[in-house]
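Here is what each chain is made of, one letter per residue.
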Amino acid sequence: MAANPGARGTARPATHNPHPATVKAPLILSGANVVLPTGTVKGGQVIVDGTRITSTAPRNAHLIDVADHWLVPGFIDLHNHGGGGASFTSGTTDDVLTGIHTHRLHGTTTLVASTVTGDMDFLAQRAGLLSELAEQGDIAGIHFEGPFISPCRKGAHSEELLRDPDPAAVRKLIDAARGHAKMVTLATELPGGIDSVRLLAEHGVIAAIGHTDATYEQTVEAIDAGATVATHLFNAMPALGHRTPGPIAALLEDERITVELINDGTHLHPASLQLAFHHAGAGRVAFITDAMDAAGFGDGTYMLGPLEVEVSEGVARLVEGGSIAGSTLTQDRAFQRAVTVDRLPVADVVTALSANPAKLLGLYDTVGSLEPGKLADLVVLDADFALKGVMRRGEWVVDPQLG
């Protein structure tokens, strides 16, 4: 998603800061409600020594009082196209870093960079650029959303650039990503779809069902072939019907599937979100942003590939046709809404924002929970669940200035 240099955003984009404020490590964050995999500890503490969480406080540890606050793991976003006025699909390296930093300011300490539909050679080139950032540790990998999607459910993708998921074409993108392809969204009912799912599974890449017009039966076939994620469930797929249940029923009922949800109040009715949590359970939900350039930047006119997008009051829609074109969501807002509006348990929200994505990406041994030995990626929230501080790898991205 490419921001138009003439975008009418009123906010300034966040700039990439390669040298965030160094924490006084070791330190003890004490007195908060600490959300752990085993439950919430009231008046608990998290000890940080260098880049890691530890179980024992060194003698010289600096104490920070975070009473009346919440400590939760850093957020992990599986599906994100940009922010701060910058695109992961078409921006320069510095642009991509700006987008990454914008989301870090909102608590996303681990991010998968998503591309949108484009020419195959162009996407392969983008994969090369993004793989360099993955090698540097700036992103956790690459998600290709398109071009292997259904023209019937294209959403804000250019129909002229769509193509069937031929395994050779899918392999081209995997190879271009140099081991950093994490997920590919496919309309698995298209010619080559099932073979491509098997190819992805063989290479350890997540096959995600999305932008699809598949039937219930076709979706079951794709899951049996190795698909494990539903790309933004409910959006860009047939609605749930009582005689034609379509992909939604198949994706919700199968324990092998993790369902992505965009909790911005625009993409989903609250009842749909509740349905997903009730049927799939917190252990199979991953909150995502599907953010585009305007996240953390402001309203205005943007370009989504060759398509013009108007962002008004934080909602992005195609100028022609009015389809929703990604979101301007940040994960701190998704967290706060889930707890205060949707009334979901805090522990379930933490699971959906941190633990589940970490497990999907194979990173749960280092991130996704506040446990000794893991990287010190955490978010400080106040009593109303508003973001107050962000730490990544033991360094403050947003200093809460407490204690």
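Residues numbered from 1 in each chain as written. Predicted model: local features only at pLDDT ≥ 70, side-chain atom pairs only at ≥ 80, totals over all residues. Heavy atoms only, no water.

Peer 1: Kindly report on the overall build of the protein, identifying the contributing residues and their values.
Peer 2: A tally of helices and strands in the protein yields 9 helices and 22 strands. Against the 2.2 N^0.38 benchmark of 22 Å for 403 residues, the protein shows a C-alpha radius of gyration of 20 Å, consistent with a compact globule. With the principal axes as the frame, the protein shows a C-alpha extent of 65 × 45 × 40 Å. Sorting the 403 residues of the protein into buried and exposed places 57% on the buried side. Look at the contacts in the protein between residues 6 or more apart in sequence, and 71% of them connect residues 24 or more apart. A distance of 4 Å separates the average location of the 28 positive side-chain charges in the protein from that of its 46 negative side-chain charges. (Helix = DSSP H or I, 4+ residues; strand = E, 2+ residues; numbered from the N terminus. Rg over C-alpha atoms; globule rule 2.2 N^0.38 Å. Buried < 20%, exposed > 50% of the residue type's maximum accessible area, 1.4 Å probe, protein only. Contact = heavy atoms within 4.5 Å. Lys, Arg positive; Asp, Glu negative; His and termini not counted. Charge placed at Lys NZ, Arg CZ, Asp CG, Glu CD.)

Peer 1: Please give an account of the pairing of strand E11 (residues 141-145) that cites residues and values.
Peer 2: Burial runs high along E11: 5 of the 5 residues are buried. Two strands pair when backbone bridges link them, and strand E10 (residues 108-115) and E11 are joined in this way by 4 bridges, in the parallel orientation. Residue pairing across strands places Val112 opposite Gly141, the latter belonging to E11. At this point the chain moves from E10, through helix H2 (residues 120-135), to the parallel E11, and the crossover so formed is right-handed. (Pairing = 2+ DSSP bridges. Right-handed = clockwise from strand over helix to strand, strands pointing away.)

Peer 1: Before we move on, could you go through the nonpolar core and cite the residues and values that matter?
Peer 2: Leu233, Leu261, Phe277, Phe287 and Phe335 are the most contacted members of the largest nonpolar core, which has 75 residues in total. Looking at which element gives the most residues to this core, the answer is H2, with 7 residues. In contact with Leu233, not counting residues within four places along its chain, are Ile248, Leu251, Leu252, Val259, Glu260, Leu261, Leu268 and Ala276. By size, the runner-up hydrophobic cluster in this structure holds 17 residues, among which are Val112, Ala140, Leu329 and Ala358. (Core = buried A, V, L, I, M, F, W, Y, C linked by side-chain atoms within 4.5 Å.)

Peer 1: Go over the sheet that holds strand E14 (residues 229-230), please, and point to the residues and values.
Peer 2: Pairing is parallel across the open sheet formed by 8 strands, whose spatial order is E7-E10-E11-E12-E13-E14-E15-E16. Here the strands that pair on one side only, and so sit at the sheet edges, are strand E7 (75-80) and strand E16 (285-288). Bridge count for E14 against strand E15 (residues 258-262) is 2 bridges, and the pairing is parallel. Each bridged residue has a counterpart across the sheet, and for Val229 the counterpart in E15 is Thr258.

Peer 1: Summarise the packing of aromatic side chains; cite the residues concerned and give the values.
Peer 2: Inspection of every chain in the model, using the stated rule, returns 4 aromatic pairs. Measuring from centroid to centroid gives 5.2 Å for Trp70 and Phe385, while their planes differ by 35°, and the two rings are tilted. Placement of Trp70 in strand E6 (residues 70-73) and of Phe385 in the loop between strand E20 (378-381) and strand E21 (387-392) is noted, with a sequence separation of 315 residues between them. You can call Trp70 buried: its relative accessible area is 16%. (Phe/Tyr/Trp six-rings, centres within 6.5 Å; stacked < 30°, edge-to-face > 60°.)

Peer 1: Quick rundown of unusual backbone geometry? Include the residues and the values.
Peer 2: Comment: phi is negative for the bulk of residues other than glycine, and the bulk of peptide bonds are trans. Of the consecutive residues Gly146 and Pro147, the connecting peptide bond is found in the cis state with omega at 15°. Mapped onto the secondary structure, Pro147 falls in the loop between E11 and helix H3 (167-176). Phi is positive for Phe385, close to 65°, though the residue is something other than glycine.

Peer 1: I'd like a rundown of the confidence of the model for the protein, residues and numbers included.
Peer 2: Counting all residues, the mean pLDDT for the protein is 91, and 92% of those residues have values of 70 or more. Note on residues 1-21: pLDDT is under 50 here. Beyond four places in sequence and across chains, it has 55 contacts. (pLDDT = per-residue confidence, 0-100.)

Peer 1: With reference to specific residues and values, describe the packing of H2 against H3.
Peer 2: For the pair H2 and H3, the least separation of the axes is 8 Å and the interaxial angle reads 25°. Classified by the angle their axes make, H2 and H3 are roughly parallel. Judged by the sense of rotation from one axis to the other, the crossing of H2 with H3 is right-handed. Of the residues in H3, those touching H2 at Met120, Asp121, Leu123, Ala124, Ala127, Gly128 and Ser131 are Ala169, Lys172, Leu173 and Ala176. Its residues assigned to classes, the contact of H2 with H3 shows 7 nonpolar, 2 polar and 2 charged. (Axes fitted to C-alpha atoms, helices over the stretch in contact; angles between N-to-C directions. Parallel < 35°, antiparallel > 145°, perpendicular 65-115°, else oblique. Left-handed = near helix turned anticlockwise from the far one by under 90°. Nonpolar A, V, L, I, M, F, W, Y, C, P; charged D, E, K, R; others polar.)

Peer 1: Can you lay out the pattern of salt bridges for me, pointing to particular residues and giving the numbers?
Peer 2: Scanning all chains against the criterion turns up 12 salt bridges. Lys172 is the partner of Asp121 in a salt bridge, and the nearest nitrogen-oxygen pair spans 2.4 Å. Within this pair, whereas Asp121 is found in helix H2, its partner Lys172 is found in helix H3, the two being separated by 51 residues in sequence. Assessed through its relative accessible area of 51%, Asp121 is described here as exposed. Residue Arg153 is joined to Asp213 by a salt bridge in which the shortest nitrogen-to-oxygen separation is 3.0 Å. Here Arg153, found in the loop between E11 and H3, pairs with Asp213, found in the loop between strand E13 (206-209) and helix H5 (216-225); they are 60 residues apart in sequence, far enough to count as distant. Owing to a relative accessible area of 28%, Arg153 belongs among the partly exposed residues under this scheme. Look at Asp213 and you get partly exposed, because its relative accessible area is 32%. Each of Asp224, Asp254 and Arg256 takes part in a single network of salt bridges with overlapping partners. (Salt bridge = Lys/Arg side-chain N within 4 Å of Asp/Glu carboxyl O.)

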